[in-house]
Amino acid sequence: MWEYAPAPESRDIANLKPNYRMFVDGEFVEGGGEPLKSVNPGTGEVLAEVSTAAPADVDRAVKAARRAYDRVWGRMPGAERAKYIFRIARLIQERGRELAVLESLDNGKPIKESRDVDVPTAAAHFFYHAGWADKLGYAGYGPDPRPLGVAGQVIPWNFPLLMAAWKIAPALACGNTVVLKPAETTPLTALVLAEIIQQAELPPGVVNILPGAGDVGAAVVAHPDVDKVAFTGSTEVGKLIQRQLAGTGKKLTLELGGKAANIVFDDAPLDQAVEGIVNGIFFNQGHVCCAGSRLLVQESVAEELLDKLRTRVSTLRVGDPLDKNTDVGAINSAEQLARIQELTASGEAEGAQRWTSSCPLPDKGFYFAPTVFSNVSQAMRIAREEIFGPVLSVLTFRTPDEAVAKANNTPYGLSAGVWTEKGSRILWAAQKMRAGVVWANTFNRFDPTAPFGGYQESGFGREGGRTGLEAYLDV
C-alpha cells in the first residue's frame, strides 16, 4: 500500500474571520439572538462566532424581502435578473478556492470534494438558472408565469454552500426574493455567499441570510408574509412543517431523508460497481440524504463482491479534511457521531456481522472509520433507519423481483442505483423502484439540469431542471 505524505491545503485561503454577522436588506448587521460558535469538526476547535437572528430580525428580513419583491425584483425583466445571477455564478468561481477551504473547515468534508464537487456545482446552479430567467414563458408553465413572492428557505449542514445555491438560484431566476436560514453548525459559507451577493450588487433585500438554530428556521417558516417554503433536512422536521403549513395556502417543497438501495446484479462489472458503492456511501462521510446506504447484491456474486469491497474500503484514507489525500473527512458534529455510534451498536446487537476498516483515526475531532455490515436482515434498524454516516448495510437477493421488493421496502424514496450489463434490466428496475432518482452503473451524479427529489417520507417537489422551476412559480 502506498504511503502518502501529507498534502495540506493552507487554511489561510479561507480568509476566516473571528466574527460573522447576519445579512439583512443588503447589509451585514448584528442579530438579536444568542451568538453561536461554529466548530471545526476536524479538530473540535472553535472557528468563529456567528450572530444569530431573534424573532424581530426574522420579521425585518421578511419585510425587506417583501419590499424588494414589490418594488424591484418582482417587476424586473428576466433578462435583467439574469445579469445579476450570472454575476453571482462567476464570483463563486472566482472565489472558489476560498469557499472550498472554508467549507472543509466548517463542515469537515475533504477538500478534494468541496473543491471538485460542492463549489463547481454551486456555481453551475447559478449559471443554469440565470439562463432560465428570461425564458420562463417557454418552460411549459403558461405564456407568462408569475413569481410567488417571498421564499423562506431552510437548509441542512451536509452541503452548506451547494444547498444554498439549490435554493436561491431558482427562486431568483423566477423573480422571488429570499430569506434563507443556513444550518446551525455550518453558517460560514452562506455568509460568504452573502458577501458575493453584495459584490454582485444585487438590490438590497432580494436575498437575506439569517444564521441560528431550529427556532430561527421555525420563525421563517411560520412567518405570515412568506409565500413559499423550501426545506431540506430531516423527515421529522419536514412533517412538523407540513402540519404547520396545512391550510395556510403557502406553497411547500420538502427534500427529506433517504435509505437508498444500490442493487448489484450478477452480470454487473464488479470492479466498477465497487467504485460506485464506495462513492455511494462514503462520499461526504455518508452525510448524504441520497446515499446508497443499503447494498442489495445477487447471492451468486455476494461473496466475491464483499471481498473486493472490503479490500477497497480498507485503502480509504480518513483524516484531516484539508489534506488533499483525504478520502473520508470528519463527522460534522459530536451529536451526529453519537447517533452513528448508537445505530452501529444496534446493528451488532441485532446480529449483523460488522467489518470496520482498520485505518488510523486522528486523535482530535469527530471521526468514524468506514464500516460495512453483512448478514443484515430487513427488520434491523441499520436496514431501516437513516444512519447519515459512513456505514453500509449489505443484504442479498436471488431474483430481480426480490431485489425490487427489498429496495422498495422502506418508508423513504429519494434515490436508488442499479448495476447490470443489460439495458433492458436497467429500464425495468428503474420503472419498478419508487425513488425520485435512479442511477444506472453510477451513483451520486448531480447536474443542475436534472430534477432531484423524492417520494413518500423523502418529501415532495423537485429541485433543478425545468421541472424545478415550478416550485417557484405561481402555477
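Rules of the game
Residues numbered from 1 in each chain as written. Predicted model: local features only at pLDDT ≥ 70, side-chain atom pairs only at ≥ 80, totals over all residues. Heavy atoms only, no water. UniProt positions renumbered as here; feature names shortened; annotations may be inferred. Helix = DSSP H or I, 4+ residues; strand = E, 2+ residues; numbered from the N terminus. Buried < 20%, exposed > 50% of the residue type's maximum accessible area, 1.4 Å probe, protein only. Contact = heavy atoms within 4.5 Å. Pairing = 2+ DSSP bridges. Axes fitted to C-alpha atoms, helices over the stretch in contact; angles between N-to-C directions. Left-handed = near helix turned anticlockwise from the far one by under 90°. Nonpolar A, V, L, I, M, F, W, Y, C, P; charged D, E, K, R; others polar. Polar contact = N/O pair within 3.5 Å; in protein donor to acceptor, adjacent residues only side chain to side chain. Phe/Tyr/Trp six-rings, centres within 6.5 Å; stacked < 30°, edge-to-face > 60°. Lys NZ or Arg CZ within 6 Å of the ring centre and 35° of its normal. Core = buried A, V, L, I, M, F, W, Y, C linked by side-chain atoms within 4.5 Å. Domains from an automatic or database assignment. Salt bridge = Lys/Arg side-chain N within 4 Å of Asp/Glu carboxyl O. Buried area = accessible area lost by both parts, 1.4 Å probe.

- With an unreviewed UniProt entry as reference, the protein chain is termed Betaine-aldehyde dehydrogenase, source organism Saccharothrix coeruleofusca.
- Under the UniProt heading Sequence similarities (unreviewed entry), the entry covering the protein chain gives this text: "Belongs to the aldehyde dehydrogenase family."

## Describing the UniProt feature "active site" (unreviewed entry) in the protein chain
Stage number 1. According to UniProt, the "active site" (unreviewed entry) feature falls on Glu-255.
Stage number 2. Mapped onto the secondary structure, Glu-255 falls in strand S10 (residues 251-255).
Stage number 3. With a relative accessible area of 3%, Glu-255 lands in the buried category.
Stage number 4. Setting aside residues up to four positions removed in sequence, Glu-255 forms contacts with Trp-166, Phe-231, Thr-232, Gly-233, Cys-289, Leu-414, Phe-452, Ser-458 and Glu-463.

## A short note on the sheet that holds strand S14 (residues 371-374)
Within a beta sheet, neighbouring strands are joined by backbone hydrogen bonds and run either parallel or antiparallel to one another.
Stage number 1. Taken in spatial order, the seven strands of this open sheet run S13-S14-S15-S12-S11-S16-S17, and their pairing is mixed. In the strand order of this sheet, the two ends are held by strand S13 (353-356) and strand S17 (437-440), each with one partner. Sheet twist, expressed as the average angle between the axes of neighbouring strands with direction ignored, equals 20°.
Stage number 2. Pairing of S13 with S14, which is carried by four bridges, proceeds in the antiparallel orientation. Pairing of Arg-354 across the sheet is with Phe-373, part of S14.

## Comments concerning the packing of helix H13 (residues 400-407) against helix H14 (residues 423-432)
Stage number 1. Packing of H13 against H14 leaves a shortest axis separation of 10 Å and a crossing angle of 35°. The crossing of H13 and H14 is right-handed. Between H13, through Pro-400, Asp-401 and Val-404, and H14, the contact on the second element is made entirely by Arg-425, Trp-428 and Lys-432.
Stage number 2. Taken together, the residues of the contact of H13 with H14 break down into three nonpolar, no polar and three charged.

## Observations regarding the side chain of Asn-208
Stage number 1. Here Asn-208 shows up in strand S8 (residues 207-209).
Stage number 2. Within the structure, Asn-208 has its side chain in polar contact with the backbone nitrogen of Asp-25 (distance 2.8 Å).
Stage number 3. Here Asn-208 is in contact with Phe-23, Val-24, Asp-25, Ala-61, Ala-64, Ala-65, Val-178, Val-179 and Leu-180, once residues within four sequence places are set aside.

## Re the packing of aromatic side chains
Stage number 1. One pass over the full model with this rule turns up eleven aromatic pairs.
Stage number 2. One aromatic cluster in this structure is built from Trp-166, Trp-439, Phe-443, Phe-446 and Phe-452.
Stage number 3. In this arrangement the basic side chain of Arg-425 is found over the ring face of Phe-265, its NZ or CZ atom lying 4.6 Å from the centre.
Stage number 4. In this structure, Arg-462 is placed above the aromatic ring of Tyr-455, and the distance from its NZ or CZ to the ring centre is 5.4 Å.

## Observations concerning the sheet that holds strand S1 (residues 19-20)
Stage number 1. Strands sit in the order S1-S5-S4 across an open sheet of three strands; the sheet is mixed. Two strands in the sheet have a free side with no partner beyond their single neighbour: S1 and strand S4 (36-39).
Stage number 2. By the bridge criterion, two bridges tie S1 to strand S5 (residues 46-50) in an arrangement that is parallel. The partner of Tyr-20 across the bridge, within S5, is Val-50.
Stage number 3. Running at roughly 55° to S5, helix H6 (residues 188-199) makes contact with S1, S4 and S5 of the sheet.

## Looking at the nonpolar core
Stage number 1. Ile-88, Leu-172, Val-264 and Leu-309 are the most contacted members of the largest nonpolar core, which has 111 residues in total.
Stage number 2. Per-element tally for this core: the top contributor is helix H5 (residues 160-173), with eleven residues.
Stage number 3. The residue makeup of this core includes at least three contributed by each of domain 1 (11-256 + 455-472) and domain 2 (261-440).
Stage number 4. By size, the runner-up hydrophobic cluster in this structure holds 27 residues, among which are Ala-261, Val-376, Ile-387 and Val-391.

## A word on the UniProt feature "domain: Aldehyde dehydrogenase" (unreviewed entry) in the protein chain
Stage number 1. With numbering matched to this structure, UniProt assigns "domain: Aldehyde dehydrogenase" (unreviewed entry) to residues 29-474.
Stage number 2. Taken end to end, residues 29-474 has its terminal C-alpha atoms 32 Å apart, with 42% of it in helix and 15% in strand.

## A word on the pattern of salt bridges
Stage number 1. A full pass over the atoms with the stated rule returns 29 salt bridges.
Stage number 2. Of the charged contacts in the structure, one is a salt bridge between Lys-308 and Asp-271, with a shortest N-O distance of 3.0 Å. Taken as a pair, Lys-308 in helix H10 (residues 299-313) and Asp-271 in helix H9 (residues 270-282) lie far apart in primary sequence, 37 residues in all.
Stage number 3. On the accessibility criterion, Asp-271 (51% relative accessible area) is exposed.

## Some details on unusual backbone geometry
Stage number 1. For Gln-285, which is not glycine, the phi dihedral falls at a positive 60°.
Stage number 2. Following the sequence through the fold, Gln-285 ends up in the loop between H9 and strand S12 (294-298).

## Overview of the domain arrangement of the protein chain
Stage number 1. What the domain assignment lists for the protein chain is domain 1 (11-256 + 455-472) and domain 2 (261-440).
Stage number 2. Spacing between the C-alpha centres of domain 1 and domain 2 amounts to 30 Å.
Stage number 3. Counting residues at the interface gives 31 residues for domain 1, matched by 32 residues for domain 2.
Stage number 4. Summing both partners gives a buried area of about 2,600 Å² for domain 1 against domain 2, and 57% of it is carried by carbon and sulfur.
Stage number 5. Taken together, domain 1 and domain 2 are joined by one salt bridge.
Stage number 6. The salt bridge involving Asp-327 is made with Lys-112; its shortest N-O contact spans 2.7 Å.
Stage number 7. At the surface where domain 1 touches domain 2, the tally comes to 17 residue pairs in polar contact (both at pLDDT 80 or more).
Stage number 8. Of all elements in the fold, only helix H3 (96-107) and helix H4 (111-132) reach the threshold of two or more residues within the side of domain 1 that touches domain 2.
Stage number 9. Of the residues assigned to the side of domain 1 that touches domain 2, the class counts are ten nonpolar, twelve polar and nine charged.

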